[in-house]
Amino acid sequence: MSIDRRIYSFQYRLITCYVLLLISLTVFAQSGKERFSGRVIDTETNQPVPFATVRLLALPDSILLVGGATDIQGKFQLAVTIPKSKSILLHISYIGYTSVYRTISVSANNKTPTLGNISLSPESISLNETVVVGQAPMVVTEGDTTVFNACLLYTSPSPRDS
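To start, this report covers the structure provided alongside it. Predicted model only: the values in this text are computed from it and were never measured. (Residues numbered from 1 in each chain as written. Predicted model: local features only at pLDDT ≥ 70, side-chain atom pairs only at ≥ 80, totals over all residues. Heavy atoms only, no water.)

## Concerning the overall build of the protein
Phase 1 of the analysis: Along its length, the protein carries 1 helix and 9 strands.
Phase 2 of the analysis: In the protein, the order of α-helices and β-strands from amino to carboxyl end is α-β-β-β-β-β-β-β-β-β.
Phase 3 of the analysis: A buried classification covers 20% of the 162 residues belonging to the protein.
Phase 4 of the analysis: When contacts within the protein are restricted to residue pairs at least 6 apart in sequence, long-range pairs at least 24 apart make up 54% of them.
Phase 5 of the analysis: Carbon and sulfur atoms make up 57% of the accessible area of the protein, which totals about 12,500 Å². (Helix = DSSP H or I, 4+ residues; strand = E, 2+ residues; numbered from the N terminus. Buried < 20%, exposed > 50% of the residue type's maximum accessible area, 1.4 Å probe, protein only. Contact = heavy atoms within 4.5 Å. Areas by Shrake-Rupley, 256 points an atom, 1.4 Å probe, with all protein chains shown as cover.)

## A look at the sheet that holds strand β1 (residues 33–42)
Backbone hydrogen bonds are what pair the strands of a sheet, in a parallel or an antiparallel way.
Phase 1 of the analysis: Across the sheet, which stays open at both edges, the 3 strands sit in the order β4-β1-β7 with mixed pairing between neighbours. Strands at the two margins of the open sheet, each flanked by one partner only, are β4 (75–81) and β7 (114–120). Taking each pair of neighbouring strands and ignoring which way they run, the sheet shows an average axis angle of 30 degrees.
Phase 2 of the analysis: Inspection of the sheet shows β1 paired to β7 by 5 bridges, in the parallel sense. Counterpart to isoleucine 41 in the pairing with β7 is serine 119. (Pairing = 2+ DSSP bridges. Axes fitted to C-alpha atoms, helices over the stretch in contact; angles between N-to-C directions.)

## Let's talk about the nonpolar core
Phase 1 of the analysis: Residues Phe36, Leu56, Phe76, Leu90 and Ile92 are the most contacted members of the largest nonpolar core, which totals 20 residues.
Phase 2 of the analysis: Of all the secondary structure elements, the ones that give two or more residues to this core are β1, β2 (53–58), β4, β5 (87–93), β6 (100–105) and β7.
Phase 3 of the analysis: Beyond its immediate stretch of four places on either side in the chain, phenylalanine 36 contacts Leu56, Phe76, Gln77, Leu78, Val80, Ile82, Ile88, Ile104, Val106, Pro113 and Leu115. (Core = buried A, V, L, I, M, F, W, Y, C linked by side-chain atoms within 4.5 Å.)

## Regarding the sheet that holds strand β3 (residues 63–69)
Phase 1 of the analysis: The 4 strands are arranged β3-β2-β5-β6 in an open sheet whose pairing can be described as antiparallel. The open sheet is flanked by β3 and β6, the only strands paired with a single partner. Within the sheet, the average angular offset between the axes of one strand and its neighbour, ignoring direction, is 20 degrees.

Right under this line is the structure:
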């Protein structure tokens, strides 16, 4: 095979790769997915809340569109195809915090809406007192040995003690 033929073959492969790359980029650009990003923080300490659950639900029937979790800095980014109703409900929850629900209206000109800082407030629940009472058995048989609990034995006072 001559050098000209090898160069032609290489150029053909290179052009084919470029065309496939451009086609894939245009398909990705027209996918209709919007990216929502934000940060979840604690109301009292203004510290990030890592690994909080973030869900996007379609309104009015609350169908789950996409879900995820925040990273260690409390940041999240979700990509979703917008439903026809153009209304989305953002639901953020974490154990020990009150859940947050926020309605988002989607506009056509903003493909990456930033939701900013979303605050979760700690939720405290007071529980009633629980008392656990236990009592050892009076007699325990272990194999061929019988063990008596001397604390539980009751003896009547002798006539001499009176």
